[in-house]
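Now for the letters of each chain:
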Amino acid sequence: MSLQISRERLFESLRHEILDKRVLSAMERIPRELFVPPESYNLAYEDIPLSIGYGQTISQPFIVALMTQALELQGNEKVLEIGTGSGYQTAILAELSRWVVSVERIPELADSAKRLLDRLGYRNVEIHLARETLGWPEGAPYDAIIVTAGAPRVPDVLLEQLSTKGKMVIPVGSRWEQELIKVTKKEKRVVIENLGGCRFVPLISKDAWED
Ligand code: SAH
């Protein structure tokens, strides 16, 4: 099947599940085939995760759309992403917000994502190599935080980097299976919603899983 046809089929099915049109049109503007390895080119618009090397994956488009929608971005936010990976989710965030800070643990992935996003003309993105502390505290507070790797619990150090009315989405559970959790800060309160099951690679950190 041609890329064009699988692409139309993917967005047709996403339209039934994702109600935020801004999220879908941002995704439609981004060539996902450039974010997957050449051998997976033909699979770029299948609704499945794909290997991007180093034991990591680019997430399934439906999950990417669901997580992005949950952040309710209006365009003026400063967003933190943990787990740049291919940079695909980063590009979507860059389309929908004012500034994106993205942190990645694997230097090769951080470099290739940086080069690709630069080539595609994104100027509102900064990519950093992960350090011992999760996230990127010097850029805090963030209006939205998206974690694209699974954690055993919602890390306090990320809640601290979220603004007083900020929203965070993060997969929480075991190393192999998680629930997608949406955390909304309301001044001193924290509201938790469960958006359903998912499978992410583990978040590796002293505040999450061991390497
Ligand atoms: N959003 C990415 C998903 C990549 S998979 C995409 O669309 O392609 C998750 C990524 O999280 C991996 O690249 C992994 O190296 C990274 N990661 C794991 N632990 C991390 C940490 N503590 N800080 C930053 N990145 C981390």
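Nothing here was measured: the structure is a model prediction, and the numbers come from that model. (Residues numbered from 1 in each chain as written. Predicted model: local features only at pLDDT ≥ 70, side-chain atom pairs only at ≥ 80, totals over all residues. Heavy atoms only, no water.)

Sorry if this is basic, but what is going on with the sheet that holds strand E5 (residues 125-129) here?
Two modes of strand pairing occur in sheets, parallel and antiparallel, and in both the strands are linked by backbone hydrogen bonds. With respect to topology, 7 strands assemble into an open sheet ordered E5-E4-E3-E6-E7-E8-E9, the strand pairing being mixed. Each edge of the open sheet carries a strand with a single partner, namely E5 and strand E9 (189-198). Each strand of the sheet is rotated relative to its neighbour by a mean of 15 degrees, with strand direction disregarded. One ladder, built from 7 bridges, connects strand E7 (residues 162-173) with strand E8 (residues 178-186); its direction is antiparallel. (Pairing = 2+ DSSP bridges. Helix = DSSP H or I, 4+ residues; strand = E, 2+ residues; numbered from the N terminus. Axes fitted to C-alpha atoms, helices over the stretch in contact; angles between N-to-C directions.)

Hey, could you run me through the site of the ligand in this one?
Around the ligand there are 24 residues in total, and Thr-57, Gly-83, Ser-86, Glu-104 and Ile-204 lie nearest to it. In this structure, a nitrogen atom belonging to the ligand sits 3.2 Å away from a side-chain N or O atom of Thr-148. Starting from 580 Å² of accessible surface for the ligand in isolation, the protein chains cover 98%. A total of 3 residues in the shell around the ligand trace back to one element, the largest contributor, which is strand E2 (residues 56-58). Tallied by class, the residues present in the shell around the ligand amount to 12 nonpolar, 9 polar and 3 charged. (Near = heavy atom within 4 Å. Polar contact = N/O pair within 3.5 Å; in protein donor to acceptor, adjacent residues only side chain to side chain. Areas by Shrake-Rupley, 256 points an atom, 1.4 Å probe, with all protein chains shown as cover. Nonpolar A, V, L, I, M, F, W, Y, C, P; charged D, E, K, R; others polar.)

How should I be thinking about the environment of Asp-207 in this particular structure?
As for its placement among the helices and strands, Asp-207 is situated in the segment after E9. For the pair formed by Asp-207 and Leu-158, sequence separation is 49 residues and the distance between their alpha carbons is 9.6 Å. Excluding residues that lie within four positions of it along the chain, Asp-207 makes contacts with Glu-132, Leu-134, Arg-153, Pro-155 and Val-157. (Contact = heavy atoms within 4.5 Å.)

Whenever I open this one, the environment of Pro-171 confuses me. Can you help?
Mapped onto the fold, Pro-171 is located in strand E7. Expressed as a C-alpha distance, the spacing of Pro-171 and Leu-203, which sit 32 residues apart in the sequence, is 9.4 Å. Apart from residues lying up to four places away in sequence, Pro-171 is in contact with Met-67, Val-147, Ala-149, Gly-150, Ala-151, Gln-178, Glu-179, Leu-180, Cys-198 and Phe-200.

When you look at the nonpolar core in this model, what are you seeing that I'm missing?
Looking at soluble globular proteins, one finds that nonpolar side chains tend to be buried together. Core analysis: the biggest nonpolar cluster contains 49 residues, and Met-27, Phe-35, Tyr-88 and Ile-92 have the highest contact counts within it. Elements represented by at least two residues in this core include exactly helix H1 (3-17), helix H2 (21-29), strand E1 (50-53), helix H3 (61-70), helix H4 (88-96), helix H5 (107-119), E5 and strand E6 (142-147). Of all the elements, H3 adds the most residues to this core, at 7 residues. With 23 residues, the next largest nonpolar core counts Ala-151, Leu-159, Ile-170 and Leu-203 among its residues. (Core = buried A, V, L, I, M, F, W, Y, C linked by side-chain atoms within 4.5 Å. Buried < 20%, exposed > 50% of the residue type's maximum accessible area, 1.4 Å probe, protein only.)

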